[in-house]
Amino acid sequence: MTEVVGVKFKEGGNMYYFAPNGLKLSIGENAIVETARGLEYGSVVLANKELDDSEIVSPLKNVVRKATKADDEVYAKNKEKEKEALHICEKKVAEHGLEMQLVDVEYTFDRGKILFYFTADGRVDFRELVKDLAGTFRTRIELRQIGVRDEAKMIGGLGICGRPFCCCSFLEDFKPVSVKMAKEQNMSLNPGKISGTCGRLMCCLKYEEEAYRALWKTTPKVGAQVKTPDGKGTVTEVSLLRGDLKVTLDRDPDSVRTYKRADVKLLKDGDIKVDKKEMEDLKDLE
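A quick note: this is a predicted structure, and the numbers were derived from the prediction, not measured. Counting of residues starts from 1 at the beginning of each chain's written sequence and follows it residue by residue. For a predicted model such as this one, the threshold for reporting local features is a pLDDT of at least 70, and the threshold for listing and counting side-chain atom pairs is 80 or more; totals across whole chains, interfaces and linings nevertheless cover every residue. Note that water and hydrogens are dropped before the side-chain values are worked out from all heavy atoms of the structure.

A. Seen up close, the pattern of salt bridges. Any Lys or Arg side-chain nitrogen found within 4 Å of a carboxyl oxygen on Asp or Glu counts as a salt bridge. Here the structure, examined in full by the defined rule, presents 21 salt bridges. The partner of K66 in a salt bridge is E29, and the shortest N-O contact between them spans 3.5 Å. Taken together, the residues K66 in strand β5 (residues 63–66) and E29 in the loop between β2 (15–18) and β3 (30–35) connect sequence positions 37 residues apart. For the exposure calls, accessible area comes from a 1.4 Å probe over protein chains only, and a residue counts as buried if that area is under 20% of its type's maximum, exposed if over 50%, partly exposed in between. A relative accessible area of 35% places K66 in the partly exposed class. Helix and strand labels come from DSSP, where a helix needs a run of H or I of at least four residues and a strand needs a run of E of at least two; each type is numbered from the N terminus.

Next comes the structure, spelled out in structure tokens:
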């Protein structure tokens, strides 16, 4: 067993384990920790806790100290300097005529390095830009190209549900999302309804998938043959969350009746399919 604390450097970012180094830290406190790129300022999201060695990657880096008032001031100052650095870099990008869009800037706590995050349609030769920025800021410069999902996570905003983006509020990692997940959740395969602001399939399709698959285990699919209190029939429509099935009876094919999933017996199940053309049309959303 190893004692650890969990620290995040950004809201909605990943949590990293650190050795508390004899300190007792509470959730919500700020701390200075050792990282691969030097000292960093983060927030404690997991207080001192014993974990099995199999749950951590050794060796752990240490918590250096609880953040002091001076550390808080340095962090706040860095945030102000990041805004200035973003503005300067945008001008430099324009001067060099580069096809790239700056997204965010991040100073390391000791200001030994500045990281510029950007998006671009393809590869960008930014070597001259790096030299220019290094001469301007007199420190190490790193430019890092990111994808549209990472851009949305950094910028933030509201989803079509009216809530803050999942990626910048509680989702720590991006998981693969497929068109079939949208189909399994009875969603219209309309790009505007199944994609987020980033232009990719909504992250919620992934983390809600487990619940939908559990419901499908007890719910007949469209095309299934079932036995109802009124006789045998074929399922023509499913409201998965409500548990309602619309069934066309074999003895009365011109009428459609609605039953609860618990009131029918499955004889032969149907299948959820996404045809090749739909997959091809929507592949850019994945």
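B. Region of interest: the sheet that holds β3. Two strands pair under a simple rule: DSSP has to find at least two bridges between them. Read from one edge to the other, the open sheet built from 5 strands follows the order β2-β1-β4-β3-β5, with strand pairing classed as antiparallel. Two strands lie at the open edges of the sheet, namely β2 and β5, each paired on one side alone. Across the sheet, the mean angle separating the axes of adjacent strands is 45 degrees when strand polarity is ignored. Where β3 lies against β5, 3 bridges are found, and the strand directions are antiparallel. Bridging from a neighbouring strand, V33 pairs with V63 of β5. Taken strand by strand, helix α1 (residues 69–96) contacts β3, β4 (38–51) and β5, and its axis lies near 125 degrees from that of β4. Simply put, an axis is a line fit to the C-alpha atoms, just over the touching stretch for a helix, and the angle between two N-to-C directions goes from 0 to 180 degrees. Any two residues having at least one pair of non-hydrogen atoms within 4.5 Å are treated as being in contact.

C. Expanded view of the environment of N14. Within the secondary structure, N14 sits in the loop between β1 (2–8) and β2. When its relative accessible area of 26% is taken as the criterion, N14 is described as partly exposed. When the C-alpha positions of N14 and F170 are compared, they lie 9.3 Å apart, and in sequence the two are 156 residues distant. When near neighbours in sequence (up to four residues on either side) are disregarded, N14 contacts V7, K8, E172 and D173.

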